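Residues per chain, in single letters:
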Amino acid sequence: MKLFYRQAGETGPAIVILHGVFGSADNWLTVSKQIADKGYRVFMLDQRNHGRSPWSDDFGYLEMAADLHEFLEDQQITDPILIGHSMGGKSVMQYAMSYPDAWKKMVVVDIAPRFYPIHHDGILKGMNLMPLDTIRTRQEAEDFFARYEDNPGTRAFILKNLARADGGGFAWRLNLPVLTKEIGTVGGELIGIRPTDKPVLFLRGEKSTYITPEDEAEIHRIFRHATIETIAGAGHWVQADQPAAFTEAVLRFLS
C-alpha cells in the first residue's frame, strides 16, 4: 500500500513518524518541523484507513508494518529512526519484530507491547451517529459529538477527521466502518516477538495510564536496552500536551 506522507527537512538522518488511531500525519507537523531544524529528514505517514492514505478491509499490525517497510523501500531509506505514538507505537514495534535488521533506533510514545481492552466505545458511537448529511458547520458537529465525548481536547482531535463533502455536509476522512469493526485489533499484542538490543526510548505521559510499572518488565524483556522516561504534565498525547519536553527528550535520545 502506498501511504500518503508529509516531509519536513531535506537532509540528514531519516526519521519516520506514525500516528495513533484516529490520527494523521497532520498531527505531527509542528513537532516534526522542530526536529527537522536540528538536521533530520522527518517523514510523517498516514497509516492505512487514516488521513489521505488508501483504505482496506485488511487492518492489523502485520499489515501496517508491511506498509511501513514498503514506504522505506520506495524512499530508499535504510537504517531509519522510527517514532510511533499509541497505535503507531505498536506499528513500529511490530515492524521491529518483522524486520529486525531494517531500523536503527526507535521512540515509542505512551504504549506498551501488550494487549489493551477496547476503550473507544463512546468515541466510535458518536462518530457513527454523526448526521454527516445534515450538519452544516463544525460547531454543529462539535455540539453533537459532545454528547459522546466529554473531553474538549479529544473532541477537537477526532473532529480534525471531518472534511467537507462534495455534495454538501461532511464526510469522515478515515475508514470508519473498518476501524469500528477492527477496533479490537488496535489493542492487540505483538506478533513473532524477537528480543532486540537496539536503542529504544519509551516516552510516557505522567498523567497517562497506558504504560504502567507492571509493563516495564515486559518492555525490557523485548527491548533489552530500552530507556523509559516520563514527561511531566503530559497525558496520553504526550507530543501535543508537552511538545517542548517531548522534542527535547527525542533529540537527547538521538544524539
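Residues numbered from 1 in each chain as written. Predicted model: local features only at pLDDT ≥ 70, side-chain atom pairs only at ≥ 80, totals over all residues. Heavy atoms only, no water.

Undergrad: Honestly, the overall build of the chain in this entry has me stumped. Any pointers?
TA: Looking only at helices and strands, the chain features 11 helices and 9 strands. Computed over C-alpha atoms, the radius of gyration of the chain comes to 18 Å, within 12% of the 18 Å expected from 2.2 N^0.38 for 255 residues, which places it in the range of a compact globule. Taken along its principal axes, the extent of the C-alpha atoms in the chain is 55 × 40 × 35 Å. The long-range share in the chain, meaning contacts at least 24 apart out of those at least 6 apart in sequence, stands at 74%. Just so you have it, the chain exposes about 11400 Å², and 50% of that area is on carbon and sulfur atoms. Charge-centre separation for the chain: the mean point of 27 positive side chains lies 3 Å from the mean point of 33 negative side chains. (Helix = DSSP H or I, 4+ residues; strand = E, 2+ residues; numbered from the N terminus. Rg over C-alpha atoms; globule rule 2.2 N^0.38 Å. Contact = heavy atoms within 4.5 Å. Areas by Shrake-Rupley, 256 points an atom, 1.4 Å probe, with all protein chains shown as cover. Lys, Arg positive; Asp, Glu negative; His and termini not counted. Charge placed at Lys NZ, Arg CZ, Asp CG, Glu CD.)

Undergrad: Hey, could you run me through the side chain of Asp215 in this one?
TA: Relative to the helices and strands, Asp215 is located in the loop between strand S8 (200-205) and helix H9 (216-222). Residue Asp215 is classed as buried on the basis of its relative accessible area of 7%. Only 2.8 Å separates the side chain of Asp215 from the backbone nitrogen of Thr212, close enough to count as a polar contact. (Buried < 20%, exposed > 50% of the residue type's maximum accessible area, 1.4 Å probe, protein only. Polar contact = N/O pair within 3.5 Å; in protein donor to acceptor, adjacent residues only side chain to side chain.)

Undergrad: Any chance you could explain the layout of surface pockets here in plain terms?
TA: Over the atoms, a rolling probe the size of a water molecule traces out where space has been left empty. Size it by volume and the largest pocket reaches roughly 580 Å³. Gly153, Thr154, Phe157, His236 and Trp237 are the residues nearest the centre of the largest pocket, which is lined by 25 residues in total. Of all elements in the fold, only helix H6 (152-159) and helix H10 (238-241) reach the threshold of two or more residues within the lining of the largest pocket. Counting residues per element, the lining of the largest pocket draws most heavily on H6, at 4 residues. (1 Å grid on protein atoms, 1.4 Å probe; cavity = no way out; pocket = protein on both sides within 12 Å on 5 of 7 lines; lining within 4 Å. Points joined across faces, edges and corners; volume = space filled by probe spheres on them.)

Undergrad: I keep staring at unusual backbone geometry and nothing clicks. Help me out?
TA: With glycine set apart, most residues show a phi of negative sign, and most peptide bonds adopt trans. The phi torsion at Phe22 lies on the positive side, around 70 degrees, for a residue other than glycine. For Phe22, the location among the structural elements is in the loop between strand S2 (14-18) and helix H1 (29-36). Of note, Asp110 is a non-glycine position whose phi angle comes to about 55 degrees, a positive value. Residue placement: Asp110 occurs in the loop between strand S5 (105-109) and helix H4 (121-129).

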